[in-house]
Amino acid sequence: MGLIEHLLLPASVLCGIIMCKIIYEVTGLFSSLYIKGYAKLSNTQKVEWNNRCFSTFHAIIVAVVSFYLVVLSDLFRDESQDEMMISKTSTLSDGLFGISLGYFLSDLGMILWHFPALGGKEYLLHHGLSMYSIFLSLISGQGQFYILMVLFTESTTPFVNLRWYLDLAGKKNSKLYILNGIALFLGWLVARILLFIYFYMHMYTHFDQVRTMFPLGFYSLLVVPPMLVLMNVFWFGRSARA
């Protein structure tokens, strides 16, 4: 492994943390100058306002890059290389994983610092499982295809955050709130429920490769995704009733 590969993980994690910090501060400054009503928010609401902005930014980045790597690129196609799909990696995917680790570390730190204002125990579990899975795949170089599929579920986060912003602004009866609710419902159904059906179908058809993973990675791949699915179904039901 060369110098670039050794530096990529810490550099990308640091970039993720710096990205969150910059967007958090810029959001607060921009909102205080141009968003009416921001100054009237409580300190806790301002923290969540700024937090959700860098959450949205991260979600857009990982959704776009994950879609490109999984769907548009040839990286994980069975016929593209002699190497098995389960062991394929790229500098782009490694960098994305590092940035996501930086984001989850930043967000987890804020959740713990302001607990439980920014999220309860389920958010701690979600972030813990996400960081564990990403880090394990990153250092082992295995299972990145499946981690990218899970990261793509972040594509629903901008709709979740926009819903919170509109609710806080008293726009629950607006057309935008209704349209966003429909998009959130459909997006969540596709990206966080139906996508996992394909996830398991793909694992089943490539199980001869999956079972060659190192033991901890293999069993983590069998255990962690079902836990995330259960959390997604729970949040989906709660969102549909709201």
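Calculation rules
Residues numbered from 1 in each chain as written. Predicted model: local features only at pLDDT ≥ 70, side-chain atom pairs only at ≥ 80, totals over all residues. Heavy atoms only, no water. Salt bridge = Lys/Arg side-chain N within 4 Å of Asp/Glu carboxyl O. Helix = DSSP H or I, 4+ residues; strand = E, 2+ residues; numbered from the N terminus. Buried < 20%, exposed > 50% of the residue type's maximum accessible area, 1.4 Å probe, protein only. UniProt positions renumbered as here; feature names shortened; annotations may be inferred. Expected span 1.5 Å × (residues − 1). Patch = residues over 30% accessible without salt bridge, like charges linked within 9 Å, V, L, I, M, F, W, Y side chains within 5 Å. Areas by Shrake-Rupley, 256 points an atom, 1.4 Å probe, with all protein chains shown as cover. Contact = heavy atoms within 4.5 Å. Core = buried A, V, L, I, M, F, W, Y, C linked by side-chain atoms within 4.5 Å. Axes fitted to C-alpha atoms, helices over the stretch in contact; angles between N-to-C directions. Parallel < 35°, antiparallel > 145°, perpendicular 65-115°, else oblique. Left-handed = near helix turned anticlockwise from the far one by under 90°. Nonpolar A, V, L, I, M, F, W, Y, C, P; charged D, E, K, R; others polar. Phe/Tyr/Trp six-rings, centres within 6.5 Å; stacked < 30°, edge-to-face > 60°. Lys NZ or Arg CZ within 6 Å of the ring centre and 35° of its normal.

1. Considering the pattern of salt bridges
Okay, step 1: Here the structure, examined in full by the defined rule, presents 4 salt bridges.
Okay, step 2: The residue Glu25 makes a salt bridge to Lys21 at a minimum N-O spacing of 2.8 Å. Taken together, the residues Glu25 and Lys21, both in helix 1 (residues 3-34) and 4 residues apart, mark about one turn of the helix.
Okay, step 3: Given a relative accessible area of 42%, Glu25 falls into the partly exposed group.

2. Some thoughts on the UniProt feature "transmembrane region" (unreviewed entry) in the chain
Okay, step 1: UniProt annotation of "transmembrane region" (unreviewed entry) refers to residues 7-35, 55-76, 96-115, 135-155, 176-201 and 213-236 when read in the numbering used here.
Okay, step 2: Secondary structure within residues 55-76 divides into 82% helix and 0% strand; the distance between the first and last C-alpha atoms comes to 27 Å.
Okay, step 3: Here residues 213-236 runs as 92% helix and 0% strand, with 32 Å between its end C-alpha atoms.

3. Regarding unusual backbone geometry
Okay, step 1: That bond from Phe115 to Pro116 is cis: its omega, 0°, falls within 30 degrees of zero.
Okay, step 2: Looking at where Pro116 falls in the secondary structure, it is placed in the loop between helix 3 (91-113) and helix 4 (121-140).

4. A word on helix 6 (residues 157-168)
Okay, step 1: In this model, helix 6 (12 residues) spans 17 Å end to end at C-alpha, consistent with the 16 Å of a helix rising 1.5 Å per residue.
Okay, step 2: Where helix 6 terminates, the next one or two residues include Gly170, which has phi positive at roughly 75°.

5. As for the environment of Ile182
Okay, step 1: Take Ile182: it is sitting in helix 7 (residues 175-205).
Okay, step 2: The class of Ile182 is partly exposed, set by a relative accessible area of 47%.
Okay, step 3: The spacing of Ile182 and Phe159 is 23 residues in sequence and 9.6 Å in space, taken between C-alpha atoms.

6. Some words on a nonpolar patch on the surface
Okay, step 1: There is a patch of nonpolar side chains on the surface, built from Leu14, Ile18, Ile22, Val26, Leu29, Phe30, Leu33, Tyr34 and Ile35 and spanning about 910 Å² of accessible area.
Okay, step 2: Relative to the helices and strands, Val26 resides in helix 1.

7. Considerations on the side chain of Ser90
Okay, step 1: Along the chain, Ser90 turns up in the loop between helix 2 (43-72) and helix 3.
Okay, step 2: In contact with Ser90, other than residues within four places in its own chain, are Leu69, Leu75 and Gln144.

8. A word on the nonpolar core
Okay, step 1: One finds Tyr146, Phe199 and Val210 to be the most contacted residues of the largest nonpolar core, which totals 50 residues.
Okay, step 2: Aside from chain neighbours lying at most four places away, what touches Phe199 is Tyr146, Met149, Val150, Leu221 and Pro225.
Okay, step 3: Grouped together as the second largest cluster of nonpolar side chains are 5 residues, Tyr38, Leu41, Trp49 and Tyr165 included.

9. Some thoughts on the packing of helix 2 against helix 3
Okay, step 1: One can describe the packing of helix 2 onto helix 3 by two numbers: an axis separation of 11 Å at closest approach and a directional angle of 160°. Our classification of the angle between helix 2 and helix 3 gives roughly antiparallel. Considering how the two elements wind past one another, helix 2 and helix 3 form a crossing that is left-handed. Here Val47, Asn51, Phe54, Ser55, His58, Ile61, Val62, Val65, Ser66, Tyr68 and Leu69 of helix 2 come into contact with helix 3, specifically with Leu92, Ser93, Leu96, Ser100, Tyr103, Phe104, Asp107 and Met110.
Okay, step 2: Looking at the contact of helix 2 with helix 3, its residues break down into 12 nonpolar, 6 polar and 1 charged.

10. Some remarks on the packing of aromatic side chains
Okay, step 1: Under the definition given, this model contains 16 aromatic pairs.
Okay, step 2: On the basis of an interplanar angle of 70° and a centroid distance of 6.5 Å, the ring pair of Trp49 and Trp164 is categorised as edge-to-face. Taken as a pair, Trp49 in helix 2 and Trp164 in helix 6 lie far apart in primary sequence, 115 residues in all. When sorted by exposure, Trp49 lands in the same class as Trp164, which is buried.
Okay, step 3: Both rings, one in Phe218 and one in Tyr219, keep their centres 5.1 Å apart while their planes meet at 70°; by these two values the pair is edge-to-face.
Okay, step 4: By relative accessible area, Phe218 is classed as buried at 13%.
Okay, step 5: Of the aromatic side chains, those joined through ring pairs into one cluster are Phe76, Phe145, Tyr146, Phe196, Phe199 and Tyr200.
Okay, step 6: Lying across the ring of Trp188, Arg192 places its NZ or CZ 4.5 Å from the centre.

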